[in-house]
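Descriptive analysis of the structure
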Amino acid sequence: MAPPQHDRAGLDERHLVEAAQRDPRQFAELYELYFERVWIFVIRRVADRETAQDITSEVFHSALRGLPHFESRGGGFLAWLYRIARNAIADAGRQRRREVQQVVEEAQPADRETEDAAKLFRLIRRLPKEQQQVLELRFVAEKSVAEAANALGRSEGAIKQLQFRAIRTLREQMGRSR
Amino acid sequence: MTRQSFLRAMQWMPERSFRNRLRKELEMSAHEMVKSPAPAGFTAVTAYPVLPRGTAEAFLTFVEQAFGAENTMRVPRPDGSLMHAEIRMSGCVLECGESNEQFAPAPVCLHYYVPDVDAAYQAALKAGAESLYEPTSRPYGDREAGVRDVAGNSWFLATHQGEHYIMEPLRSLTPYIMANGAARLIEFLKEGLGAEAIYVGSSPEGRIPHAKIRIGDTVLEFSDASPQWPATPVGLHYYVEDADAACERAVAAGGELISPPRDQPYGERSGTVKDPSGNSWYIAQLLQPR
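Attention in this report is confined to the structure presented alongside it. Keep in mind the model is a prediction, meaning the values are calculated, not measured.

Digging into the overall build of chain A
- Across its full length, chain A holds 9 helices and 0 strands.
- In chain A, the order of α-helices and β-strands from amino to carboxyl end is α-α-α-α-α-α-α-α-α.
- Taking all 178 residues of chain A together, the buried fraction comes to 54%.
- Partitioning the intrachain contacts of chain A with sequence separation of at least 6 by distance along the chain shows that 61% fall at a separation of at least 24.
- When the accessible area of chain A is evaluated, it comes to approximately 8,900 Å², of which 46% is carbon and sulfur surface.

A look at the packing of aromatic side chains
- In total, this model carries 23 aromatic pairs over all chains according to the counting rule given.
- Ring centres 5.9 Å apart and planes at 35° place the aromatic pair Tyr34 of chain A and Phe77 of chain A in the tilted group. Of this pair, Tyr34 of chain A sits in helix H2 (residues 27-43) while Phe77 of chain A sits in helix H4 (residues 76-95), and the two are 43 residues apart along the sequence. Assigned by exposure class, Tyr34 of chain A and Phe77 of chain A land together as buried.
- An angle of 75° between the planes, with centres 5.1 Å apart, marks the rings of Phe67 of chain B and Tyr112 of chain B as edge-to-face. Within this pair, whereas Phe67 of chain B is found in helix H3 (residues 56-67), its partner Tyr112 of chain B is found in strand E6 (residues 109-113), the two being separated by 45 residues in sequence.
- Classification of Phe67 of chain B as buried rests on a relative accessible area of 5%.
- Here the aromatic residues Phe27, Tyr31, Phe35, Trp39 and Phe60 of chain A together with Phe18 of chain B are joined through ring pairs into a cluster of three or more.

Describing the interface of chain B and chain A
- At the junction of the two partners, chain B supplies 53 residues and chain A supplies 57 residues.
- Taken together, the two surfaces of chain B and chain A that pack against each other cover about 5,500 Å², and 57% of this comes from carbon and sulfur.
- It is Met1, Trp12 and Arg19 of chain B that lose the most area in chain B upon contact with chain A, and together they represent 16% of the buried surface on that side.
- At the junction of chain B with chain A, the criterion picks out 10 salt bridges.

Details of the sheet that holds strand E4 (residues 82-89) of chain B
Residues and elements named next belong to chain B.
- Spatially, the 4 strands line up as an open sheet ordered E2-E5-E4-E3, and their pairing is mixed. Looking at the sheet topology across the chains shown, the edges are occupied by strand E2 (50-51) and strand E3 (70-76).
- In terms of strand pairing, E2 meets strand E5 (residues 92-98) through 2 bridges, oriented parallel. Counted as the bridge partner of Leu51 is Glu98 from E5.

With respect to H3 of chain B
Residues and elements named next belong to chain B.
- For H3, built from 12 residues, the straight-helix expectation of 16 Å at 1.5 Å per residue is met to within 8% by its first-to-last C-alpha distance of 16 Å.
- Among the residues of H3, those classed as buried are Ala56, Phe59, Leu60, Phe62, Val63, Glu64, Ala66 and Phe67.
- Of the residues one or two after H3, Gly68 is the one with positive phi, at around 70°.

Details of empty space enclosed by the protein
- Applying the stated criterion to the full structure yields 2 cavities of 30 Å³ or more.
- By volume, the second largest cavity amounts to about 50 Å³.
- Along its surface, the second largest cavity is lined by Pro24, Arg25, Phe27 and Ala28 of chain A together with Leu26, Glu27, Ala30 and Gly41 of chain B.
- Those elements giving two or more residues to the lining of the second largest cavity turn out to be H2 of chain A together with helix H2 (16-33) of chain B.
- With 3 residues, the single largest contributor to the lining of the second largest cavity is H2 of chain B.
- The residue makeup of the lining of the second largest cavity, split by class, is 5 nonpolar, 1 polar and 2 charged.

Considerations on the sheet that holds strand E1 (residues 45-47) of chain B
Residue and element names in this part refer to chain B.
- Pairing is mixed across the open sheet formed by 5 strands, whose spatial order is E1-E14-E17-E16-E15. Every interior strand has two partners, whereas the edge strands, E1 and strand E15 (256-263), have only one. Neighbouring strand axes in the sheet, compared pairwise and without regard to direction, differ in orientation by 20° on average.
- Of the pairings in the sheet, the one linking strand E14 (residues 235-239) to strand E17 (residues 280-286) comprises 5 bridges and is parallel in character. Paired with Leu236 across the two strands is Trp281, which belongs to E17.
- Contacting E15, strand E16 (268-274) and E17, helix H6 (residues 243-252) crosses the sheet at an angle of about 155° to E17.

Remarks on the packing of helix H5 (residues 182-193) of chain B against H6 of chain B
All names here are of chain B.
- Contact geometry for H5 and H6: axes closest at 8 Å, N-to-C directions at 140°. As judged from the angle between their axes, H5 and H6 are oblique. Classified by chirality, the crossing of H6 by H5 is right-handed. In this structure, H5 contributes Phe188, Lys190, Glu191, Gly192 and Leu193 to the contact, and H6 contributes Ala246, Arg249 and Ala250.
- Its residues placed into classes, the contact of H5 with H6 shows 4 nonpolar, 1 polar and 3 charged.

As for the pattern of salt bridges
Residues and elements named next belong to chain A.
- Counted by the stated rule, this structure contains 31 salt bridges over all chains.
- The shortest N-O distance in the salt bridge between Glu130 and Arg154 comes to 2.4 Å. Here Glu130 is found in helix H7 (residues 129-140), whereas its partner Arg154 is found in the loop between helix H8 (145-152) and helix H9 (156-174), with 24 residues between them in sequence.

Remarks on the environment of Arg23 of chain B
- Note on placement: Arg23 of chain B falls in helix H2.
- Taking the C-alpha atoms as reference points, Arg23 of chain B and Pro107 of chain B, separated by 84 residues in sequence, lie 28 Å from one another.
- When sequence neighbours within four positions are dropped, the list of residues in contact with Arg23 of chain B reads Tyr31, Glu32 and Arg125 of chain A together with Glu70, Thr72 and Arg88 of chain B.

Points about the side chain of Glu64 of chain B
- Following the sequence through the fold, Glu64 of chain B ends up in helix H3.
- For Glu64 of chain B, the contacting residues outside a window of four places in its chain are Arg125, Arg126 and Lys129 of chain A together with Arg16, Ala69 and Asn71 of chain B.

Some remarks on the packing of helix H6 (residues 112-124) of chain A against H9 of chain A
All names here are of chain A.
- Where H6 meets H9, the axes come as close as 10 Å, and the angle between the chain directions of the two elements is 130°. When the interaxial angle is binned, H6 and H9 end up oblique. Handedness of the H6/H9 crossing: right-handed. For the pair H6 and H9, contact is made by Asp116, Lys119, Leu120, Leu123 and Ile124 and by Leu170, Gln173 and Met174, respectively.
- Counted by class, the contact of H6 with H9 contains 5 nonpolar, 1 polar and 2 charged residues.

Cut-offs applied
- Residues numbered from 1 in each chain as written.
- Chains lettered and ligands numbered in written order.
- Predicted model: local features only at pLDDT ≥ 70, side-chain atom pairs only at ≥ 80, totals over all residues.
- Heavy atoms only, no water.
- Helix = DSSP H or I, 4+ residues; strand = E, 2+ residues; numbered from the N terminus.
- Buried < 20%, exposed > 50% of the residue type's maximum accessible area, 1.4 Å probe, protein only.
- Contact = heavy atoms within 4.5 Å.
- Areas by Shrake-Rupley, 256 points an atom, 1.4 Å probe, with all protein chains shown as cover.
- Phe/Tyr/Trp six-rings, centres within 6.5 Å; stacked < 30°, edge-to-face > 60°.
- Buried area = accessible area lost by both parts, 1.4 Å probe.
- Salt bridge = Lys/Arg side-chain N within 4 Å of Asp/Glu carboxyl O.
- Pairing = 2+ DSSP bridges.
- Expected span 1.5 Å × (residues − 1).
- 1 Å grid on protein atoms, 1.4 Å probe; cavity = no way out; pocket = protein on both sides within 12 Å on 5 of 7 lines; lining within 4 Å.
- Points joined across faces, edges and corners; volume = space filled by probe spheres on them.
- Nonpolar A, V, L, I, M, F, W, Y, C, P; charged D, E, K, R; others polar.
- Axes fitted to C-alpha atoms, helices over the stretch in contact; angles between N-to-C directions.
- Parallel < 35°, antiparallel > 145°, perpendicular 65-115°, else oblique.
- Left-handed = near helix turned anticlockwise from the far one by under 90°.

This is the structure in structure tokens:
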């Protein structure tokens, strides 16, 4: 099977943005399109998940509030989200006295690594629930196989098998570029 | 993707619970910005397929695995079957329940715009759907494929070939109603539900091959039934400011009152009216915001 094509989100956002400007409830469609990219942009640039969640929330809430004033020029909606994120990260850095400014300045939106990770996370949402839970326990909560087995009430062998299947599916669907 | 880049990316994996929580917060905020009789996240009209008993689990798994949908609410009946579920997909809402003595199975047709119809079609087949037709480029500018899911619902998957993948004025997910007597139905919707016809096509034989009708803030699609696409009366959840007045108006326009409005235990006042083509409209008013 051919690897999934790159999605066309960039081409389509104007329609969605205008629809959301007319009816803010349609912001939900922009959220579904861009959550992963904004999240990755943020988590790559802050020290911990809690801060990443606070900032990602702030970005989308600010974007929803600021939507009536958004005008699509130079870079479009995603670039605007990144700009809000960049400012929020800088503010958080100042508040928490953490030196993030330099990283923030280097931020290059929409690089290949971000796009690949965003696609990966969208694919993960389509895996069977149990496989998603195992990935979250192992890679996000950083639990051992034994701890994951305990949390889900499964054997260690079952956890290994679920993780193996999940990763095999993801690697197939992402294509094997080397 | 190399093993190294995979492992690196996995360090950034977002928690599903966070993604869902933030979606909910944004729905609530957006809801406060508009005046709508519908609950947060909803528009006026939502398709409500009644799934054949015993297929709900497979259906919910199908929409998650094929389309990345999220099951955001689930209410079982005492016997364990599914009374009610809500699904979020691409910023839109779909509801469903399982059939029982009171509700016969009533599958729906859904027109679903996706960025890449070929990929969505493959994902749907992989998740257990049956192919109705392969991705095909249509003269009206959509590339389209058809599948039938495990509960008998038909999905018209589409990518608009213009600048945007969604053809205006539709959203990602639109109920598509095949009706006997579409012309009469559209008149009823205008008179009885205050609908506005955006587009009504006509064929030389006098059929309506396609129509787009706005009801409240929601656009629905209709066509006359055909041998290939027989009439499939569906359930539609329709939120209004005043359920009693709306039911009365629908009945005056020729709708059949199936159950008069009454306060329901789930915080709605609602009644059911059947339109001339046999579709059931669950006309509802929120008793408290949600």
